[in-house]
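Observations on chain architecture
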Amino acid sequence: MNNKIVELLTPIGIPILYGTRTDINTFPIIVFNIIDMPVTTMDDIDIWIKYNITINVIADAKDIIKLVDEVKKIMAKNQFRRNMCPSMIYDEKLCKYNQALVFDYYGEVIYSEE
């Protein structure tokens, strides 16, 4: 799923990081995190998974709305359902806006034959 998120958001043209921002001071930037939960299991094997993806868009005031709209459009086009999104915050330390977007995605687990 990590690779899929990076692949989908790469055309936006800004850096994309998984997990944490670390010491990168390049802005705008996208930082995302994923939680996965089994939805359907059979014989202790996950059949369907619900992925909960949080995408943080961090940017200046002049870019934030356009970038957030691009992320929403890309995710909706690829069957990610938008979930509750918290209010945008202003990070005084970075002097940047940070909008968290939350999406759900349901996917069938594919196991390789061994």
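Here, every reference points to the structure presented above.
Summary of the structure given here. Here the structure is a predicted model, which is why all the values come from computation and not from measurement.

Take helix 1 (residues 2-9) next. All of the buried residues along helix 1 are Ile-5, Leu-8 and Leu-9. Considered in projection along helix 1, the buried side chains sweep an arc of 85 degrees and stay on one side of the axis. Pointing more than 90 degrees away from the buried face of helix 1 are the exposed residues Asn-3 and Glu-7. The inward-facing, buried residues of helix 1 abut strand 1 (16-18), strand 2 (29-42), strand 3 (45-59) and helix 2 (61-77).

This structure, assessed with the given rule, holds four salt bridges. Across the pair Lys-50 and Asp-104 runs a salt bridge, and its minimum N-O distance is 3.9 Å. Here the residue Lys-50 occupies a position in strand 3, and Asp-104 occupies one in strand 6 (residues 96-108), the gap between them amounting to 54 residues. When its relative accessible area of 21% is taken as the criterion, Lys-50 is described as partly exposed. Relative accessible area serves as the criterion here: at 10%, Asp-104 is assigned to the buried category. Between Asp-60 and Lys-96 there is a salt bridge; the shortest N-O distance is 2.6 Å. In this pair, Asp-60 sits in the loop between strand 3 and helix 2 while Lys-96 sits in strand 6, placing the two residues 36 residues apart along the sequence. Residue Asp-60 is classed as partly exposed on the basis of its relative accessible area, which comes to 27%.

Here the focus is the packing of aromatic side chains. Under the counting rule described, the total for this entry stands at four aromatic pairs. Through successive ring pairs, a cluster of aromatic residues spans Tyr-51, Phe-80 and Tyr-105.

What follows covers the environment of Lys-96. A relative accessible area of 14% places Lys-96 in the buried class. In sequence terms Lys-96 and Ala-59 are 37 residues apart; their C-alpha atoms lie 5.3 Å from each other. If near-sequence neighbours (up to four positions away) are discounted, Lys-96 is found in contact with Phe-27, Ile-58, Ala-59, Asp-60, Ile-89, Tyr-90 and Asp-91.

This brings us to the pairing of strand 3. Across 13 bridges, strand 2 lies against strand 3 in antiparallel orientation. Looking at the pairing, Asn-33 lines up with Thr-54 of strand 3. Between the antiparallel neighbours strand 2 and strand 3 lie two residues, among them Asp-43 with a positive phi of about 55 degrees. Sheet analysis places strand 3 next to strand 6, joined by 12 bridges and oriented antiparallel. Residue pairing for strand 6: Tyr-51 is matched across the bridge by Tyr-105.

So, how was this worked out
- Residues numbered from 1 in each chain as written.
- Predicted model: local features only at pLDDT ≥ 70, side-chain atom pairs only at ≥ 80, totals over all residues.
- Heavy atoms only, no water.
- Buried < 20%, exposed > 50% of the residue type's maximum accessible area, 1.4 Å probe, protein only.
- Helix = DSSP H or I, 4+ residues; strand = E, 2+ residues; numbered from the N terminus.
- Arc of directions from axis to C-beta.
- Contact = heavy atoms within 4.5 Å.
- Salt bridge = Lys/Arg side-chain N within 4 Å of Asp/Glu carboxyl O.
- Phe/Tyr/Trp six-rings, centres within 6.5 Å; stacked < 30°, edge-to-face > 60°.
- Pairing = 2+ DSSP bridges.

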